[in-house]
Amino acid sequence: MYKKMPVIALEEHFWDHELAAQLQGSEGARAPEQLKRLYDLGELRLREMDEAGIDIQVLSHGAPSAQKLDASICVDLTRRVNDRLAEAIARHPTRFAGFAALPTANPEAAARELERCVKELGFVGAMICGLTNGVFHDDERFWCIYERAEALGVPIYFHPSFPDPDVSRIYYDKYGKDFPQVVRAAWGYTVETATQAVRLILSRVFEKHPGLNIILGHFGETLPYQLWRIDQALKRPGHDPMNFREHFTNNFYITTSGHFSTTALVCAMMEMSMDHIMFAVDYPFVPNAPAMEWLDTLQISKTDMRKLLSGNARRVLKI
Ligand code: MN
């Protein structure tokens, strides 16, 4: 059914040579086939998009992107990374769009870079990966970024990254050797990114910036499934009034990246509505084919399928 519909994939990664060189040991952990795809913003990527039936990839730098860089180098470096991404998009403007990398170690500069990327380079938002040097992004020092995002009308995508060493040690060390993914995609990424989203709502940033849109990958990092309990628990006696559900269902959008589960989709549809769910693969960490095969099995209306595959993305990202 989806085969005649336009498809926009939202969480598709690349690596920039200069930034990747700063991320110690990151290349060593990746298979050569994956590295080849991370560095390709041309023929190979486009061929695999064509084979799968993906019309547009919204490109973002892979984790940790700029979030583990020192404040002294991150501003100039992310500027060059974003400029190079803009050049790659300009070579294939009908096939690629971009999320900016932000130098969050310098929040004021990050807000300015977001504005530059949107106004001058035509980017459709920004992606932030994990914590900024150990600090969650609900901290008020980052609110200038949200103020700018709201004013520009672009979303911020919160993506996982490898947790801090203490978290990794206390939570996962015992099983990390036999199950290297437990600290990553199997569980650690979800714990950290869901925590980031919960903290953002608790900070009341959405009361100050009601037009701020946040995107989460991986079907919302379990939050649609947890929504009733979080919302109810935060209304128990002893709490200041907080409508968690209202903020999560109004200000958050989620994608299907690396999580092709119909059960998860049904839960998200019931809790958030189809207007808040968008398609993503998580290429090249996840190949395109299983995502497209999954779409083929979905028994949803044509209207819903169109929202999932491109309609919501066009609205939220203004593509
Ligand atoms: Mn990803």
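Everything numeric in this text was worked out from a predicted model, so none of it was measured.

So, the coordination of the manganese ion
Here comes step 1: Glu-11 (OE), His-13 (NE2), His-159 (NE2) and Asp-282 (OD) make up the full set of protein donors to the manganese ion, lying at 2.0 to 2.2 Å.
Here comes step 2: Counting gaps between the donor residues of the manganese ion yields the pattern E-x1-H-x145-H-x122-D. One end of the pair, His-13, is in strand β1 (residues 8-14); the other, His-159, is in strand β6 (residues 156-159), with 146 residues separating them in the sequence.
Here comes step 3: We classify His-159 as buried; its relative accessible area is 8%.

Quick look at helix α6 (residues 143-152)
Here comes step 1: Taken residue by residue, α6 has Trp-143, Cys-144, Ile-145, Tyr-146, Ala-149 and Leu-152 as its buried positions.
Here comes step 2: Where the residues of α6 are buried, they touch α5 (107-119), β6, α8 (188-202) and α9 (205-208).

Side note on the environment of Gly-211
Here comes step 1: In this structure, Gly-211 sits in the loop between α9 and β7 (214-216).
Here comes step 2: Given a relative accessible area of 41%, Gly-211 falls into the partly exposed group.
Here comes step 3: Separated by 68 residues in sequence, Gly-211 and Phe-279 place their C-alpha atoms 22 Å apart.

A closer look at the packing of aromatic side chains
Here comes step 1: This structure, assessed with the given rule, holds eight aromatic pairs.
Here comes step 2: Seen from their ring centres, Phe-99 and Tyr-157 are 5.7 Å apart, and the 65° between their planes marks the pair as edge-to-face. One end of the pair, Phe-99, is in the loop between β3 (96-98) and β4 (100-101); the other, Tyr-157, is in strand β6, and 58 residues separate them in sequence. As far as burial versus exposure is concerned, Phe-99 and Tyr-157 are alike and both buried.

Focus: the packing of helix α4 (residues 71-91) against α5
Here comes step 1: Relative orientation of the contacting elements α4 and α5 amounts to 15°, with a least axis distance of 11 Å. By the criterion of interaxial angle, the relationship of α4 to α5 is roughly parallel. Judged by the sense of rotation from one axis to the other, the crossing of α4 with α5 is right-handed. Contact residues: α4 offers Val-75, Thr-78, Arg-79, Asn-82 and Asp-83, while α5 offers Ala-109, Glu-113, Arg-116 and Cys-117.

What about the sheet that holds β1?
Here comes step 1: Here we have three strands laid out as an open sheet, ordered β1-β2-β3, and parallel in their pairing. Edge positions in the sheet fall to β1 and β3, since each has one partner strand and no second. Going from strand to strand, the sheet's axes swing by 35° on average, the running direction of each strand aside.
Here comes step 2: Two strands pair when backbone bridges link them, and strand β2 (residues 56-61) and β3 are joined in this way by three bridges, in the parallel orientation. The residue of β3 that forms the bridge with Gln-57 is Phe-96.
Here comes step 3: Contacting β1, β2 and β3, helix α3 (residues 43-52) crosses the sheet at an angle of about 135° to β2.
Here comes step 4: Where helix α15 (residues 302-317) meets the sheet, its contacts fall on β1 and β2, and the angle it forms with β1 comes to roughly 70°.

Overview of the side chain of Thr-190
Here comes step 1: Relative to the elements of secondary structure, Thr-190 occurs in helix α8.
Here comes step 2: If sequence neighbours within four positions are ignored, Thr-190 has contacts with Glu-221 and Thr-222.

Re the packing of α5 against α6
Here comes step 1: Relative to each other, α5 and α6 sit at 20°, their axes nearing to 8 Å. Taken together, α5 and α6 sit at an angle that is classed as roughly parallel. Relative to α6, the crossing made by α5 is right-handed. Contacts between α5 and α6 involve Pro-107, Glu-108, Ala-110, Ala-111, Arg-112, Leu-114, Glu-115, Val-118 and Lys-119 from the first element and Cys-144, Ile-145, Arg-148, Ala-149 and Leu-152 from the second.

Side note on the nonpolar core
Here comes step 1: Core analysis: the biggest nonpolar cluster contains 81 residues, and Leu-114, Ile-156 and Phe-252 have the highest contact counts within it.
Here comes step 2: It is α4 that provides the largest number of residues to this core, a total of seven residues.
Here comes step 3: Those residues in contact with Leu-114 that sit more than four places away from it in its chain are Leu-102, Gly-125, Ala-126, Ile-145, Arg-148, Ala-149, Leu-152, Val-154 and Ile-156.
Here comes step 4: Counting 17 residues, the second-largest nonpolar core is a separate cluster that includes Ala-97, Met-127, Tyr-253 and Met-278.

Here's the deal with the pattern of salt bridges
Here comes step 1: Under the counting rule described, the total for this entry stands at 19 salt bridges.
Here comes step 2: Glu-18 serves as the salt-bridge partner of Arg-80, at 2.7 Å between the closest nitrogen and oxygen. Of this pair, Arg-80 sits in helix α4 while Glu-18 sits in helix α1 (residues 17-22), and the two are 62 residues apart along the sequence.
Here comes step 3: Arg-116 is the partner of Glu-113 in a salt bridge, and the nearest nitrogen-oxygen pair spans 2.9 Å.

Section: the side chain of Thr-78
Here comes step 1: Note on placement: Thr-78 falls in helix α4.
Here comes step 2: Leave out the neighbours within four places in its chain, and Thr-78 touches Ala-66, Ala-101, Leu-102, Pro-103 and Glu-113.

Rules behind the numbers
- Residues numbered from 1 in each chain as written.
- Predicted model: local features only at pLDDT ≥ 70, side-chain atom pairs only at ≥ 80, totals over all residues.
- Heavy atoms only, no water.
- Donors = N, O, S within 2.8 Å, 3.2 Å for Na, K, Ca; no water.
- Helix = DSSP H or I, 4+ residues; strand = E, 2+ residues; numbered from the N terminus.
- Buried < 20%, exposed > 50% of the residue type's maximum accessible area, 1.4 Å probe, protein only.
- Contact = heavy atoms within 4.5 Å.
- Phe/Tyr/Trp six-rings, centres within 6.5 Å; stacked < 30°, edge-to-face > 60°.
- Axes fitted to C-alpha atoms, helices over the stretch in contact; angles between N-to-C directions.
- Parallel < 35°, antiparallel > 145°, perpendicular 65-115°, else oblique.
- Left-handed = near helix turned anticlockwise from the far one by under 90°.
- Pairing = 2+ DSSP bridges.
- Core = buried A, V, L, I, M, F, W, Y, C linked by side-chain atoms within 4.5 Å.
- Salt bridge = Lys/Arg side-chain N within 4 Å of Asp/Glu carboxyl O.

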